[in-house]
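Here is how the chains run, residue by residue.
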Amino acid sequence: MIDNLSLTTSLISMAHWAVVVGLSIRVIMRRLPVGVSLAWLAVIFSIPFAGAMAYLFIGENRLSRKYLRRAAAIHDVYEHWQDDLQKRASLAAPDVDPAVISLQRHAQALVGFPVMGGNRLHLMHDFETVFASIVSDIDGARRTCHLEFYIWEPGGLADQAAEALMRARGRGVAVRILVDAIGSKRFLKSRLARDLRDAGVHVAVSLPVGPLQILTTRADLRNHRKIIVIDGEIAYTGSQNLADPRFFKQDRGVGRWIDAMVRMEGPVVEAMAGIFIEGWEMDTGEGLEELEAASDVGPVKETGRTAVQVVPSGPGSKPDAIRQLLLSAIYSARKELAITTPYFVPDDTVFTALISAAHRGVSVTLAVPEKVDSRLAHYASRSLYHDLLSSGVRVARFRGGLLHTKSVTVDGEFSIFGSVNLDMRSLWLDFEISLFVYDRDFTEQVRAMQDGYMADAEMLDLKEWQARPAIHRFLENTAHLVGPLL
């Protein structure tokens, strides 16, 4: 009996170490960011079998074979459309500091979209105004309404948007809705989704998750984008999900979610439409022909003077595209850098870039919510405040709810606005959408919005922060160890 027990124990131990060694070699050979690699090695070594299982399920950016096949099928058509768009859209150099030109080139090299002039942008940071504008534009739709969201939560103003879509479908408008399988799980099971489908609206699921998919696809790769395109003439993006903040997650004790959106007209709308169609093709297999047809239209209509560059990102051929571009933006700052983000758990390179900016005399301000809906992210973020404050970065903790707006302004010259958080998930894992706006007037509006957030925030003091209880520091530093995996 003892011999059998000893043999079983030895076999389990051998199996464990075989798995540990094999996966450790795999982690090392994949050349992930150092912090991520070390974090995974610690998990694999310290938690027998469960650590290995965790790595196999969420350690690699695996997309399904079907998804990859569709991506390959649309690749050439997508690049041809991008090249054609560049010929048809106004590419006049925006009126900004010449130092920004390198950022524009960097973005085009990574994602294929040029800077397009002739746009009109309207920034909105009141949820009632946002929903009223969306419903009004849907009610005016003549041909198509395309929506892509991470979260659609039934109730309140979100239902009004759904009712507008059903009215549009009743007028013969083609309505397509693409929602994330996890973020919109409640919506997909709701009566509202059934009503939309019964009305003839095509509701599709992005990145479905199930017992079979989890064996071949990383389950936590999510579609975090927020996109609306109406008639190919009007588009929206930003941080606002289709969820009424008066009701959304009000049991979490974080207050209302505070968001902002941009309404767009001009050449940038076609770029947004193409990104939606590409995503629709990869999730449904039905967008290829529309993207091919998009290259046959005439010059893109200009409606304003704002220069915009669209930057889609995600776990595809260049999974670190948005991280690279954020680094370029931060290092380009010479006078002022202001950032708002709900989750601040960046990788070492972005964190170092922020500290370096402060050290070279740039006025750096980071606005984050006082409370967030993830305790682990909350503590991991707090673990970084001491180094930020010590380097001269101003840290503002917003007290008016969960500040969910994602924005960056640099030197009053240009701004970054969209769905990207400053955490590892947005920088490496999720499908995101960002606008790089090279316009002083729009940047001034974003900066004023940021100032409004900071007026309702507590500015952290280094000495007071150092005096916080030791148990808080321990929890923060413990969370910091798994920060690269968040």
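All right, on to the overall build of the protein chain then. Along its length, the protein chain carries 20 helices and 19 strands. In terms of C-alpha radius of gyration, the protein chain reaches 23 Å, essentially the compact-globule figure of 23 Å for 486 residues. For the protein chain, buried positions account for 57% of its 486 residues. Considering only contacts within the protein chain whose residues lie at least 6 apart along the sequence, 84% involve residues at least 24 apart. About 20,800 Å² of surface is accessible on the protein chain, with carbon and sulfur atoms providing 56% of the total.

Attention shifts here to the packing of helix H6 (residues 127–139) against helix H7 (residues 157–170). At their nearest, the axes of H6 and H7 sit 9 Å apart, and the two run at 5° to each other. In terms of their interaxial angle, H6 and H7 are classed as roughly parallel. For the pair H6 and H7, the contacting residues are Phe127, Glu128, Phe131, Val135, Ile138 and Asp139 in the first and Leu157, Ala158, Gln160, Ala161, Ala164, Leu165, Arg167 and Ala168 in the second. Residue composition of the contact of H6 with H7, grouped by class: 10 nonpolar, one polar and three charged.

Right, let's get into helix H18 (residues 440–455). Its 16 residues give H18 an end-to-end C-alpha distance of 22 Å, which sits within 8% of 22 Å, the value for a rise of 1.5 Å per residue. Listing the buried residues of H18 in full gives Phe442, Thr443, Val446, Arg447, Met449, Gln450, Tyr453 and Met454. Mapping the buried residues of H18 onto a view down its axis gives an arc of 155°, with all of them on the same face. Among the exposed residues of H18, those oriented more than 90 degrees off its buried face are Asp441, Glu444 and Ala455. Its side-chain oxygen at 3.1 Å from the backbone nitrogen of Asp441, Asp439 defines the N-terminal cap of H18.

A few words now on the pattern of salt bridges. One pass over the full model with this rule turns up 20 salt bridges. Between Arg143 and Glu233 there is a salt bridge whose closest N-O contact spans 3.5 Å. Note that Arg143 is positioned in the loop between H6 and strand S2 (144–149) and Glu233 in the loop between strand S5 (226–230) and strand S6 (234–238), a separation of 90 residues in sequence. Owing to a relative accessible area of 37%, Glu233 belongs among the partly exposed residues under this scheme. Among the ionic contacts, a cluster of salt bridges with common partners joins Arg120, Asp137, Arg263 and Glu265.

In terms of residue burial, strand S16 (residues 414–418) counts as a mostly covered element, since five of its five residues are buried. Side chains of S16 alternate between two faces, with Phe414, Ile416 and Gly418 and Ser415 and Phe417 buried alike. Sheet analysis places strand S15 (residues 406–410) next to S16, joined by five bridges and oriented antiparallel. Bridging from a neighbouring strand, Ser407 pairs with Phe417 of S16.

Strand S8 (residues 261–265) sits mainly inside the fold: five of its five residues count as buried. With burial as the criterion, each face of S8 is covered, one bearing Met261, Arg263 and Glu265 and the other bearing Val262 and Met264. Sheet topology note: the strand S1 (residues 116–124)/S8 ladder contains five bridges and is antiparallel. Counterpart to Arg120 in the pairing with S8 is Glu265. Alignment of S6 against S8, held across five bridges, turns out to be antiparallel. Opposite Ile234, over in S8, you have Glu265 as the bridge partner.

Moving on, we come to unusual backbone geometry. Its identity as a non-glycine residue notwithstanding, Leu207 has a phi of 55°, on the positive side. Relative to the elements of secondary structure, Leu207 occurs in the loop between strand S4 (202–206) and helix H10 (213–216). Given the relative accessible area of 8%, Leu207 is considered buried. Here Lys249, not a glycine, exhibits a phi torsion of approximately 50°, which is positive.

Definitions and limits used
Residues numbered from 1 in each chain as written. Predicted model: local features only at pLDDT ≥ 70, side-chain atom pairs only at ≥ 80, totals over all residues. Heavy atoms only, no water. Helix = DSSP H or I, 4+ residues; strand = E, 2+ residues; numbered from the N terminus. Rg over C-alpha atoms; globule rule 2.2 N^0.38 Å. Buried < 20%, exposed > 50% of the residue type's maximum accessible area, 1.4 Å probe, protein only. Contact = heavy atoms within 4.5 Å. Areas by Shrake-Rupley, 256 points an atom, 1.4 Å probe, with all protein chains shown as cover. Axes fitted to C-alpha atoms, helices over the stretch in contact; angles between N-to-C directions. Parallel < 35°, antiparallel > 145°, perpendicular 65-115°, else oblique. Nonpolar A, V, L, I, M, F, W, Y, C, P; charged D, E, K, R; others polar. Expected span 1.5 Å × (residues − 1). Arc of directions from axis to C-beta. Polar contact = N/O pair within 3.5 Å; in protein donor to acceptor, adjacent residues only side chain to side chain. Salt bridge = Lys/Arg side-chain N within 4 Å of Asp/Glu carboxyl O. Pairing = 2+ DSSP bridges.

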